[in-house]
Amino acid sequence: MANRVIEMAADNLRILAASMVEKAKSGHPGGAMGGADFINVLYSEFLRFDPTDMNWAQRDRFFLDPGHMSPMLYAQLHLIGKFTTEEIQNFRQWGSPTHGHPELDLVRGIENSSGPLGIGHAMGLGSAIGERYYADRFGEWSAHKTYAFISDGGMQEEISQGVGRIAGHLGLANFIMFFDSNDIQLSHTTDHTITEDTEAKYRSWGWNVETIDGNDVDAIRGALTRANAQTEKPTLIIGKTIMGKGAIAKDGGSFEKQVSTHGQPMTAAGADMAKTIENLGGNPSEPFAVFPEVAAFYAEVLAKKTAQAKELKAVRAEWEKANPEAAATLKSMLAGETEVEIDWQGINIGDNGATRATGGLVLAHFADAFKTVIVSSADLSNSDNTGKFLDRSSELVRGNFKGAFLQAGVAELTMAAIMNG
C-alpha cells in the first residue's frame, strides 16, 4: 500500500515536470521524469528538513547538479508547499521564481544555483566538509547528511574527478550522491562519448558504490538506508533510470528512452502528451493537478518532518543549556556575526611588498582572529603564502575536521566550487 502511494507520487511528479516544460515550450522533461522516483523517496522518507523553517541549520542538504532538471526539483518542492501551482505553471517565464536552472533560495528549499554541469555536486561536497567542520567542534548532535544528484553529463565534466578524489580521500561518510544514469545526453546516447567502469573508478577513490534500478522504490530505499549507515566512506548510488519514464507515443506505444526527450517538450520530441498523462494516472485536462492521495500522503510526511525537527531542536536547546560558551560561539558562527578589531598597524606589511606576501600576513592574522574562516590551496600553500594561515591552523583530514585548511590538490576549479558550497 505504501509503495503504491509513493509510486503514484512519482508519477504525479513526472506529469508536473513534463507539463511545466510543455506549457513553457522549452526545457528538459525526459531526465526529470526518470529521476522522479529517487527524489520522491528521498524527500518523503530520508531528507531531514523543517517545513516551517527551511533554513534550519540541522537540516539535510540536497544539491541538484544538472540544473536543466529543474522541473523535477520544482515539482517536488511543490508537493511540500514551497512553490504554488501558478508558479510552476509559469516555469521559465520572465519574473517567475521557477527559473530554467534553479537559483539559490533557501526559504523555498533550493540549496544551490546550478548551471554548468559538475559544479552542483562540487558545492555539495563543500557543504559536507562544512558539516564535519561544525560537528567536530560542537558534537554529533549537529550532524546532517548532504545529498547530491548528478547526471551522465556531470559525470563527464572534469570537475567530477576532483570531487570524487577529494570526497574519498577525506572519507566523508555524510556525503551521499545519486548518479542518474540513463545513458542519454542531449544530442546522443552516452556510448558515443564514454566507456568507463564508473563503479571501479569511484571505489578506487575510496567510495562505497552500488548500482540499482533507479526507478524501483524498494531498491532506492535500500540503497539510501545503507548509505545512511556508512561511517567511513562517501556513497555513490548508480541508479539506472529510464529517460522519459512513462512517455507514450502518438500510436499508443512506449516513447521511453528517447534522446529527443532530453531537451525539448514531449510533443516536440514526438510523444503524445495527453496519452502520457493518462498513462501516468492523470487527467490531461488538469495537467497541474496533485492527486488527492498524493496530497494526503505529503501532508503526513510534512507533519512527521515537523515533529522530527521539533525533537532535534529540543536536543540542541539542552546542549546549549549545558554548554553556554560553545552555544554563543555557534550562534555567532551560524549568523556570520563574528566581529573582531583588527590591528592593521600590527601587521607588518612593509612597503612595496608582493601581494602574495601581504595576503599571507593578513591570513595569518585571520587564523587567530576568526573562528569562521576556512582556507584552501590548490597545491600552492608554500607559494601563494596561504601556508601562513596553515601555520596557525591545521589541515582538514579524514576523521578530524578540527582544522581549517583544505588541501585541494591540483584542482583549482574544483576547489573554488567546493569553497562556494
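The preceding data block contains the structure.
Nothing here was measured: the structure is a model prediction, and the numbers come from that model.

S.K.: Would you mind showing me how to read the overall build of the protein here?
M.R.: Along its length, the protein carries 16 helices and seven strands. The C-alpha radius of gyration of the protein comes to 23 Å, within 12% of the 22 Å expected for a compact globule of 421 residues. With respect to the three principal axes, the spread of C-alpha positions in the protein is 75 × 50 × 40 Å. Expressed as a percentage of its 421 residues, the buried residues of the protein come to 53%. At a minimum sequence separation of 6, the contacts of the protein that also span at least 24 residues come to 75%. Surface accessibility of the protein: about 18200 Å² in total, with carbon and sulfur atoms responsible for 50%. In the protein, 37 side chains carry a positive charge and 53 a negative one; their mean positions are 3 Å apart.

S.K.: Sorry, what's going on with the packing of aromatic side chains here?
M.R.: Applying the stated rule across the entire model yields 17 aromatic pairs. Centroid distance Trp141 to Trp319: 4.7 Å. Interplanar angle 35°. Geometry classified as tilted. Taken together, the residues span a long stretch of sequence, with Trp141 in the loop between helix 5 (119-138) and strand 2 (146-151) and Trp319 in helix 12 (residues 292-322) at a distance of 178 residues. On the basis of relative accessibility, which here comes to 16%, the residue Trp141 falls in the buried class. Taken together, the ring pairs in this structure connect Phe38, Tyr43, Phe49, Phe62, Phe149 and Phe178 into an aromatic cluster. Directly above the ring of Tyr133 sits Arg137, whose terminal nitrogen or CZ lies 3.6 Å from the centroid.

S.K.: What exactly am I supposed to notice about the pairing of strand 5 (residues 235-240) here?
M.R.: On a regular strand, one side chain projects to one face of the sheet and the next to the other, so that they alternate. Most of strand 5 is tucked away, with five of its six residues classed as buried. Note that strand 3 (residues 175-181) and strand 5 share six bridges and pair parallel. By the bridge assignment for strand 5, Phe178 is matched with Ile237. In terms of strand pairing, strand 4 (residues 208-213) meets strand 5 through six bridges, oriented parallel. The partner of Asp213 across the bridge, within strand 5, is Lys240. With helix 9 (residues 217-229) bridging strand 4 and its parallel neighbour strand 5, the resulting β-α-β unit is right-handed.

S.K.: Whenever I open this one, the packing of helix 2 (residues 29-46) against helix 12 confuses me. Can you help?
M.R.: Each packed pair of helices is defined by two parameters, the angle between the axes and the distance between the axes. Their axes nearest at 9 Å, the elements helix 2 and helix 12 cross at an angle of 45°. Taken as axis vectors, helix 2 and helix 12 run oblique relative to one another. Within the contact between the two elements, helix 2 uses Asn40, Tyr43, Ser44, Glu45 and Phe46 and helix 12 uses Phe297, Tyr298, Val301 and Lys305. Taken together, the residues of the contact of helix 2 with helix 12 sort by class into five nonpolar, two polar and two charged.

S.K.: What should I look at first to understand helix 2 in this one?
M.R.: Think of an α-helix as turning once every 3.6 residues; residues three or four places apart then point the same way. For helix 2, built from 18 residues, the straight-helix expectation of 26 Å at 1.5 Å per residue is met to within 8% by its first-to-last C-alpha distance of 25 Å. Its maximal kink placed at Gly35, helix 2 deviates by approximately 50°. The buried count for helix 2 comes to 17 of 18 residues, which makes it a mostly enclosed element.

S.K.: Just checking my understanding: could you explain the environment of Asp50 for this structure?
M.R.: Tracing the backbone through its elements, the reader meets Asp50 in the loop between helix 2 and strand 1 (61-64). Setting aside residues no more than four positions away along its own chain, Asp50 makes contact with Trp56, Thr306, Ala309 and Lys313. At 2.7 Å, the side chain of Asp50 forms a polar contact with the side chain of Thr52.

S.K.: Even after reading the chapter, I still don't get the pattern of salt bridges, so can you show me in this structure?
M.R.: Inspection of the entire model under this criterion finds 18 salt bridges. Across the pair Arg132 and Glu140 runs a salt bridge, and its minimum N-O distance is 2.9 Å. Given a relative accessible area of 16%, Arg132 falls into the buried group. The exposure class assigned to Glu140 is partly exposed, which follows from its relative accessible area of 49%. Of the charged contacts, one joins Glu199 and Arg203 as a salt bridge, the two residues approaching to 2.9 Å between their closest N and O atoms. Of this pair, Glu199 and Arg203 both sit in helix 8 (residues 198-204), four residues apart, which is roughly one turn of the helix.

S.K.: Sorry if this is basic, but what is going on with unusual backbone geometry here?
M.R.: Excluding glycine, residues mostly carry a negative phi; peptide bonds, for their part, are mostly trans. Within the chain, Asp183 stands out as a residue other than glycine whose phi angle is a positive 65°. In this structure, Asp183 sits in the loop between strand 3 and helix 8. The exposure class assigned to Asp183 is partly exposed, which follows from its relative accessible area of 33%. A positive phi angle, close to 70°, is found at Asn385, a residue other than glycine. Relative to the helices and strands, Asn385 resides in the loop between strand 6 (375-377) and helix 15 (387-390). On the basis of relative accessibility, which here comes to 18%, the residue Asn385 falls in the buried class.

S.K.: What am I meant to see in the sheet that holds strand 4 here?
M.R.: Strands belonging to one sheet form pairs held by backbone hydrogen bonds; the direction of such a pair is parallel or antiparallel. Ordered by their spatial adjacency, five strands build an open sheet running 1-2-3-5-4, and the pairing between neighbours is parallel. A single partner strand is all that each edge strand has here, and the edge strands are strand 1 and strand 4. Each strand axis lies, on average, 20° off the axis of its neighbour in the sheet, ignoring direction.

Conventions used here
- Residues numbered from 1 in each chain as written.
- Predicted model: local features only at pLDDT ≥ 70, side-chain atom pairs only at ≥ 80, totals over all residues.
- Heavy atoms only, no water.
- Helix = DSSP H or I, 4+ residues; strand = E, 2+ residues; numbered from the N terminus.
- Rg over C-alpha atoms; globule rule 2.2 N^0.38 Å.
- Buried < 20%, exposed > 50% of the residue type's maximum accessible area, 1.4 Å probe, protein only.
- Contact = heavy atoms within 4.5 Å.
- Areas by Shrake-Rupley, 256 points an atom, 1.4 Å probe, with all protein chains shown as cover.
- Lys, Arg positive; Asp, Glu negative; His and termini not counted.
- Charge placed at Lys NZ, Arg CZ, Asp CG, Glu CD.
- Phe/Tyr/Trp six-rings, centres within 6.5 Å; stacked < 30°, edge-to-face > 60°.
- Lys NZ or Arg CZ within 6 Å of the ring centre and 35° of its normal.
- Pairing = 2+ DSSP bridges.
- Right-handed = clockwise from strand over helix to strand, strands pointing away.
- Axes fitted to C-alpha atoms, helices over the stretch in contact; angles between N-to-C directions.
- Parallel < 35°, antiparallel > 145°, perpendicular 65-115°, else oblique.
- Nonpolar A, V, L, I, M, F, W, Y, C, P; charged D, E, K, R; others polar.
- Expected span 1.5 Å × (residues − 1).
- Bend = angle between axes of the 7 residues up to and from the residue.
- Polar contact = N/O pair within 3.5 Å; in protein donor to acceptor, adjacent residues only side chain to side chain.
- Salt bridge = Lys/Arg side-chain N within 4 Å of Asp/Glu carboxyl O.

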